[in-house]
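Coordinate analysis (summary)
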Amino acid sequence: MKPGSKKYNYMSSENCSYFVTAAVIAAKLDQATRAAQQLTLIASNAKALALRAGQGAAGFRPLTDFIHKLADVTVSSSKKIDLLATELSRMAAEKVRGDRAIAHFDTVYENAKDSPYIHSLDVVYKRTVEKQQDVVIAYRQQIDRLNEELDVLEKELRAAGILATLSRVEALQADSFYQDALNNVADNVESVAVSIKTHIKSSQSLVAELH
Amino acid sequence: MKTYKLYESSTHAWLVFGRDPGKPSQIIDTNQYMVVSKDNALLIDPGGIELFSAMLTTVIKQVPVEKITHLFASHQDPDIISSLGLWDQALENATLHSPWLWESFIRHFGMNNITYSPIPDEGGQLHLDDAMLRFIPAHYLHSSGNVNIYDPKAKILMSGDIGAALEEPEAPIYVDNFEAHIPKMKTFHQRWMPSNEAKNDWVSRVRELDIEMLCPQHGRIFRGDDVGRFLDWFESLEVGITQKALG
Ligand SMILES: [Fe+2]
Ligand SMILES: [Fe+2]
């Protein structure tokens, strides 16, 4: 690219808020992580309930293991996405810094065009643009990784609905003494899953804005 | 931004850049200095982020960019060195000389390529090809880690915020009437300088130096007898006074 040609593709002013968007995604995933940690608590309570109920809710016991597994997967996945999004925000800020430097160099080309030393800036310009291109590639890759991870978590959460339904089926067959408690587990699993899904959905649409 | 040559010899030259007509009016006017020797150039208090393109435009009219191998920040203030993150993109192998006290703070401006060379409390020296510059401690004037640059051959003392004045953007670069200059610098020194003890210690050390020009980061340069006048005035001034006490 010819230095000072202004052909370099700057981020538009709205794009300059990329790092803000990425930070918002990280914050959403932080909320999702906390919701997922609630799921862990629900799983532990369900297990205790299954132990107390014994034969009174025999079919429920294996379900609690699945809830536990779901909780673990959800916690680790949302933590991972949180980290990816935090890193993405850092990369976006770096991208803005590089763009600003290039914009400043363009101004210098314009205002010092008669200087005998103006071409000493060419190597600086080339280096900065090349570095910036690497930053952009890494940034795009990071967005792809973030998207993949969000999809994975979304798929994992589909199990929550099934687990809630199965818990309700077990509740019907359990001693009446435990029915309310089992239905309660089902409700909790469902509502936590819904709240995590909401965070994922809004993260996904924010990520789409970054492309 | 305007350029003035302050000194030139076979070994090196001193330039000052400032009085930038394009500078936003809310930003304090600053003087940036550059020492150019055979193969190297030192930028002294290169300035704020807002000034960067104007500065690089001015500098590149004097030297090729790769010749800027040294930067100096007398202290940590934004008007001194907040442009660092951009110089860091422009200069690949430069060294920044600044008080050791501020290293971990100044790095917040963004520094990946430039090397930080911490100046110890007692000062030190810098050789630029055949030129030799001394780092003179000026702590608490105003910053708690603060250094001046003295050039014994050019007899120039770059004094940072000491001797600073709040001036019109078109003001001349040299003090031409010391008495008339006092009101422009009095409040600045009384309010920004916190310690009479540090001030008097500095004055007595600086009196020992042979100084032809005292060059502050804001306002005008003192030449000849005005250097002594400034030292006398500063010595008798009580500093460390808030606006309220100033009345
Ligand atoms: Fe300052
Ligand atoms: Fe200053």
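Refer to the structure above for everything that follows.
Structural notes, computed from the coordinates.

About the cut-offs
- Residues numbered from 1 in each chain as written.
- Chains lettered and ligands numbered in written order.
- Predicted model: local features only at pLDDT ≥ 70, side-chain atom pairs only at ≥ 80, totals over all residues.
- Heavy atoms only, no water.
- Donors = N, O, S within 2.8 Å, 3.2 Å for Na, K, Ca; no water.
- Tetrahedral: all angles 85-135°; square planar, octahedral: opposite > 155°, others 65-115°.
- Buried < 20%, exposed > 50% of the residue type's maximum accessible area, 1.4 Å probe, protein only.
- Contact = heavy atoms within 4.5 Å.
- Salt bridge = Lys/Arg side-chain N within 4 Å of Asp/Glu carboxyl O.
- Polar contact = N/O pair within 3.5 Å; in protein donor to acceptor, adjacent residues only side chain to side chain.
- Nonpolar A, V, L, I, M, F, W, Y, C, P; charged D, E, K, R; others polar.
- Phe/Tyr/Trp six-rings, centres within 6.5 Å; stacked < 30°, edge-to-face > 60°.
- Helix = DSSP H or I, 4+ residues; strand = E, 2+ residues; numbered from the N terminus.
- Lys NZ or Arg CZ within 6 Å of the ring centre and 35° of its normal.

We now examine the coordination of the iron ion (ligand 2). Residue and element names in this part refer to chain B. Distances from the iron ion (ligand 2) to its protein donors, namely Asp79 (OD), Asp161 (OD), Gln217 (OE1) and His218 (NE2), fall within the range 2.2 to 2.3 Å. Around the iron ion (ligand 2) sit four donor atoms; with metal-centred angles ranging over 79 to 168°, the donor geometry is irregular. Counting the intervening residues between successive donors of the iron ion (ligand 2) yields the motif D-x81-D-x55-Q-H. Accessibility expressed as a relative area gives 0% for Gln217, which makes it buried.

This next bit is on the interface of chain A and chain B. Counting residues at the interface gives 20 residues for chain A and 18 residues for chain B. Connecting chain A to chain B are one salt bridge. With a shortest N-O distance of 3.3 Å, B:Glu92 and A:Arg127 are connected by a salt bridge. Here chain A and chain B share six residue pairs in polar contact (both at pLDDT 80 or more) between them. In terms of residue class, the side of chain A that touches chain B is built from nine nonpolar, seven polar and four charged.

Next up on the list: the packing of aromatic side chains. Residue and element names in this part refer to chain B. Inspection of every chain in the model, using the stated rule, returns 14 aromatic pairs over all chains. When the ring of Phe178 is compared with that of Phe222, the centres are 6.2 Å apart and the planes differ by 55°; the resulting orientation is tilted. Of this pair, Phe178 sits in helix α5 (residues 178-192) while Phe222 sits in strand β13 (residues 222-223), placing them 44 residues apart in sequence. A relative accessible area of 0% means that Phe222 is categorised as buried. Taken together, Phe178, Trp202, Phe222, Phe230, Trp233 and Phe234 form an aromatic cluster joined through their ring pairs. Here the basic side chain of Lys199 rests over the ring of Phe234, its NZ or CZ set 6.0 Å away from the ring centre.

Between any two of four tetrahedral donors, the ideal angle at the metal is 109.5 degrees; between two of six octahedral donors, it is 90 or 180 degrees. Residue and element names in this part refer to chain B. Here the iron ion (ligand 1) is held by the protein donor atoms His75 (NE2), Asp77 (OD), His142 (NE2) and Asp161 (OD), which lie 2.1 to 2.2 Å from it. Here the iron ion (ligand 1) and the iron ion (ligand 2) are spaced 3.4 Å apart, and both take Asp161 as a donor. Of this pair, His142 sits in the loop between β9 (131-137) and β10 (147-151) while Asp161 sits in the loop between β11 (156-160) and α5, placing them 19 residues apart in sequence.

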